[in-house]
Structure formats: structure tokens, C-alpha cells
Amino acid sequence: KNQVEQSPQSLIILEGKNCTLQCNYTVSPFSNLRWYKQDTGRGPVSLTIMTFSENTKSNGRYTATLDADTKQSSLHITASQLSDSASYICVVSESGGYNKLIFGAGTRLAVHP
Amino acid sequence: GAGVSQSPSNKVTEKGKDVELRCDPISGHTALYWYRQSLGQGLEFLIYFQGNSAPDKSGLPSDRFSAERTGGSVSTLTIQRTQQEDSAVYLCASSQNYGYTFGSGTRLTVV
């Protein structure tokens, strides 16, 4: 069964600190991996998307890495801000057919002052 | 429109009633998806539309759930004879190529 597992389930950090969120997947055949940010009461918003050949991609203070051999990805947040408090969702797309996405359960991040 | 619009944003209904949720995708996006997000859970795929047809409806949990899309644009998700376990946030997304854009969802509460 294609799965996407994220850790930790939740995380609390102090404003200004860095953190790294983890994602392991078993989706095959693999097309691409995305990280989304979901604020409470809102739909997910795309942060990064990486294909098989990409190892890292940055979007401001967010940097995602991908190791397609070990089927692992991470999202690193630098110099966290209060507005980073949200759920971060790892999503893997199957190749072939249409663009079907497999969602992880997310990591809930709380940034405290 | 500029984004994916869903309505209503919140819906409280009595068990056994039918509900209809609406999604207005980004203009020109041919692909449309419905997902369900239960509290503390990941997004669960329900159905995928390409134009007006639904090549993948494998995620619909029961025959009480149905969806349609007309004119390659607006989609409605209908839940008949709602049950308490149907309570969740229902998210719609539209896509063109690799980009996905989500709506803000409809929070459905069945009491």
C-alpha cells in the first residue's frame, strides 16, 4: 500500500529557532514530492515541489530535501516566525495516469514567542 | 476566478439530512479533486474529475456520496442521509499540469 509517514506528529519551538520535519514514503512509481503548509481553517498551500532528479529546493526560509534512493524527504525551517505555526503536509504523487496525490497526516508546528 | 472557492464554509446538519457542497475551481483548470480531512487526520481522496467526467471515484466511502461537475467548471459533492461519521472538512482542489490549488474547505458537522 502506498503510504506517506511524517514525523514528528507535533512540534513546539521558540521563535527564531530552526526545525526540521521528516517524511518517509513508500509510494511507487514516484513522480514528485511536495510540501504544503496548512493554516487552521484554510486549505493547504504549496511550499515546494521536487521531482526525482532534484535533491533540494528552497522557498524563502523553507528548504526541502529529497533522497529518492532512501525515499526520505525533510523540510527545514530557518529562523522561525510566529506565522510559521501551522500543519506541514508531505505529499507524494504517483507517476502514470493522472496526478494522484498521497498525503501524509502532517506535522503540527507551534512557534512560541 | 483568482482561487478555488468553496461554499458554504461551514455547514451544520441533522443526521439523516442530505447536504450539497459546492466547489468553483480556477478558471481553465480541467482537473478537479475532492478530499476529506477528519480531525487530526491526513487528506483522504474522494474523487477526481477531468472535465465533466470522473475517471477515478474510488475514494467515495459509500453510495451515499456522489459528485458531479457541469460545464467543466463548478462541482457539487452530495452526501445523502448524513451520518455523524461524515463530519469533516471537505476540501476541493483544481489543477492544471503539476500545480494544485486548494480551496478553504467546507466544515461539515452532523449532529
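Anything mentioned here points back to the structure above.
Bear in mind that the values here come from a model prediction, so they are computed numbers and not experimental data. (Residues numbered from 1 in each chain as written. Chains lettered and ligands numbered in written order. Predicted model: local features only at pLDDT ≥ 70, side-chain atom pairs only at ≥ 80, totals over all residues. Heavy atoms only, no water.)

**A closer look at the overall build of chain B**
Argument step 1. Within chain B, the regular secondary structure consists of zero helices and 11 strands.
Argument step 2. Helices and strands in chain B line up, N terminus first, as β-β-β-β-β-β-β-β-β-β-β.
Argument step 3. Its C-alpha atoms give chain B a radius of gyration of 13 Å, near enough to 13 Å, the size a compact globule of 111 residues would have.
Argument step 4. A total of 111 residues make up chain B; the buried ones form 47% of that total.
Argument step 5. The long-range fraction of contacts in chain B, counting pairs at least 24 apart against all pairs at least 6 apart in sequence, stands at 52%. (Helix = DSSP H or I, 4+ residues; strand = E, 2+ residues; numbered from the N terminus. Rg over C-alpha atoms; globule rule 2.2 N^0.38 Å. Buried < 20%, exposed > 50% of the residue type's maximum accessible area, 1.4 Å probe, protein only. Contact = heavy atoms within 4.5 Å.)

**Notes on the interface of chain B and chain A**
Argument step 1. The partner chain A presents 18 residues to the 18 residues of chain B that form the contact.
Argument step 2. Of the roughly 1,400 Å² buried at the junction of chain B and chain A (both faces included), carbon and sulfur atoms supply 53%.
Argument step 3. Linking chain B with chain A are zero salt bridges, by the criterion used here.
Argument step 4. Across the contact surface, chain B and chain A share one residue pair in polar contact (both at pLDDT 80 or more).
Argument step 5. Secondary-structure elements contributing two or more residues to the side of chain B that touches chain A are β4 (31-37), β5 (43-50), β9 (88-96) and β10 (99-102) of chain B.
Argument step 6. Taken together, the residues that form the side of chain B that touches chain A break down as nine nonpolar, eight polar and one charged. (Buried area = accessible area lost by both parts, 1.4 Å probe. Salt bridge = Lys/Arg side-chain N within 4 Å of Asp/Glu carboxyl O. Polar contact = N/O pair within 3.5 Å; in protein donor to acceptor, adjacent residues only side chain to side chain. Nonpolar A, V, L, I, M, F, W, Y, C, P; charged D, E, K, R; others polar.)

**Observations concerning the nonpolar core**
Residues and elements named next belong to chain A.
Argument step 1. Of all hydrophobic cores here, the largest spans 25 residues; its most connected members are Val-4, Tyr-25, Leu-33, Trp-35, Leu-75 and Tyr-88.
Argument step 2. Where this core is concerned, the elements lending two or more residues are β3 (19-25), β4 (30-38), β5 (45-51), β7 (62-67), β8 (72-77), β9 (86-94) and β11 (107-112).
Argument step 3. Residues in contact with Leu-75, not counting those within four places in the same chain, are Cys-19, Thr-20, Leu-21, Trp-35, Leu-47, Tyr-62, Thr-63, Ala-64 and Tyr-88. (Core = buried A, V, L, I, M, F, W, Y, C linked by side-chain atoms within 4.5 Å.)

**What to know about unusual backbone geometry**
Argument step 1. Note that the residue after Ser-28 of chain A, namely Pro-29 of chain A, is joined by a cis bond; omega there is -5°.
Argument step 2. By the element assignment, Pro-29 of chain A lies in the loop between β3 and β4.
Argument step 3. The backbone of Arg-81 of chain B sits at a positive phi, close to 45°, despite the residue not being glycine.
Argument step 4. Of note, Arg-81 of chain B is situated in the loop between β8 (75-79) and β9.

Everything listed here is a matter of geometry and, on its own, says nothing about what the molecule does.
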